Amino acid sequence: MPGIYLGAILFSLTGMMLIDWKYSLALRVAPWRTALAVVAGTVFFLAWDLVGIMTGVFVKGESPLFVGIVLAPHLPLEEVFFLLFLSYLTVVMFAVFGRAASRRSGAAAVERRPE
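Residues numbered from 1 in each chain as written. Predicted model: local features only at pLDDT ≥ 70, side-chain atom pairs only at ≥ 80, totals over all residues. Heavy atoms only, no water.

A. Summary view of the overall build of the protein chain. Regarding its fold elements, the protein chain presents three helices and two strands. When the helices and strands of the protein chain are placed in sequence order, the string is α-α-β-β-α. Here the C-alpha atoms of the protein chain give a radius of gyration of 19 Å, more than 25% beyond the 13 Å that 2.2 N^0.38 yields for 115 residues. Over its C-alpha atoms, taken along the principal directions, the protein chain stretches across nearly 65 × 30 × 25 Å. Within the protein chain, the proportion of its 115 residues that are buried is 23%. The contacts of the protein chain with a sequence gap of at least 6 include a subset with a gap of at least 24, amounting to 69%. Counting only carbon and sulfur atoms, one obtains 74% of the accessible surface of the protein chain, whose full area is about 8100 Å². Within the protein chain, the 7 negative side-chain charges are centred at a point lying 14 Å from the centre of the 9 positive side-chain charges. (Helix = DSSP H or I, 4+ residues; strand = E, 2+ residues; numbered from the N terminus. Rg over C-alpha atoms; globule rule 2.2 N^0.38 Å. Buried < 20%, exposed > 50% of the residue type's maximum accessible area, 1.4 Å probe, protein only. Contact = heavy atoms within 4.5 Å. Areas by Shrake-Rupley, 256 points an atom, 1.4 Å probe, with all protein chains shown as cover. Lys, Arg positive; Asp, Glu negative; His and termini not counted. Charge placed at Lys NZ, Arg CZ, Asp CG, Glu CD.)

B. The side chain of T34, seen in detail. In this fold, T34 is placed in helix α2 (residues 31-54). A distance of 3.0 Å separates a polar atom in the side chain of T34 from the backbone oxygen of A26. (Polar contact = N/O pair within 3.5 Å; in protein donor to acceptor, adjacent residues only side chain to side chain.)

C. Summary view of the nonpolar core. In this structure, I9, L13, M16, L25, A26, V38, F85, Y88, V91, V92 and A95 together form the largest nonpolar core, which totals eleven residues. Elements supplying a minimum of two residues to this core: α1 (4-23) and α3 (77-112). It is α3 that provides the largest number of residues to this core, a total of five residues. Each residue touching A26, except ones within four places of it in the same chain, is listed here: D20, P31, T34 and V91. (Core = buried A, V, L, I, M, F, W, Y, C linked by side-chain atoms within 4.5 Å.)

D. Examining the packing of aromatic side chains more closely. By the definition in use, this model includes three aromatic pairs. Taking 5.8 Å as the distance between ring centres and 55 degrees as the angle between the ring planes, the aromatic pair formed by Y5 and F66 counts as tilted. Within this pair, whereas Y5 is found in helix α1, its partner F66 is found in the loop between α2 and β1 (70-72), the two being separated by 61 residues in sequence. Under the relative-accessibility criterion, Y5 is labelled partly exposed at 31%. An aromatic cluster is present here, built from F44, F45 and W48 joined pairwise through their rings. Taking NZ or CZ as reference, R28 lies 4.5 Å from the ring centre of W21, over its face. (Phe/Tyr/Trp six-rings, centres within 6.5 Å; stacked < 30°, edge-to-face > 60°. Lys NZ or Arg CZ within 6 Å of the ring centre and 35° of its normal.)

E. Spatial organisation of a nonpolar patch on the surface. There is a patch of nonpolar side chains on the surface, built from M1, I4, Y5, L65 and F82 and spanning about 460 Å² of accessible area. Taking the relative accessible area as the measure of exposure, L65 reaches 36% and is therefore partly exposed. (Patch = residues over 30% accessible without salt bridge, like charges linked within 9 Å, V, L, I, M, F, W, Y side chains within 5 Å. Salt bridge = Lys/Arg side-chain N within 4 Å of Asp/Glu carboxyl O.)

Rendered as structure tokens:
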């Protein structure tokens, strides 16, 4: 069934966006900074992929799960959406760990406060 892989990526991306929105992790807190980080990460990894393709390190395998749209030799459409998801996941996880670290340091400061 063509499109299952792209559908899975888009489903995961939607889930990540809902989690981000519900807990105000990245997009609601700093929309421009989040968008810039996601776009920059996607462009960086896309350039990385293109270098890998040109040097022969990366090749596209055949699968009936792909949509069939190829943006460049060995670069299927799904790769762009995967890189977008990967970059967004990184930004959201950075926010999650940053929030957890600030809560821990805040709790530690409360415990150390002299009475």
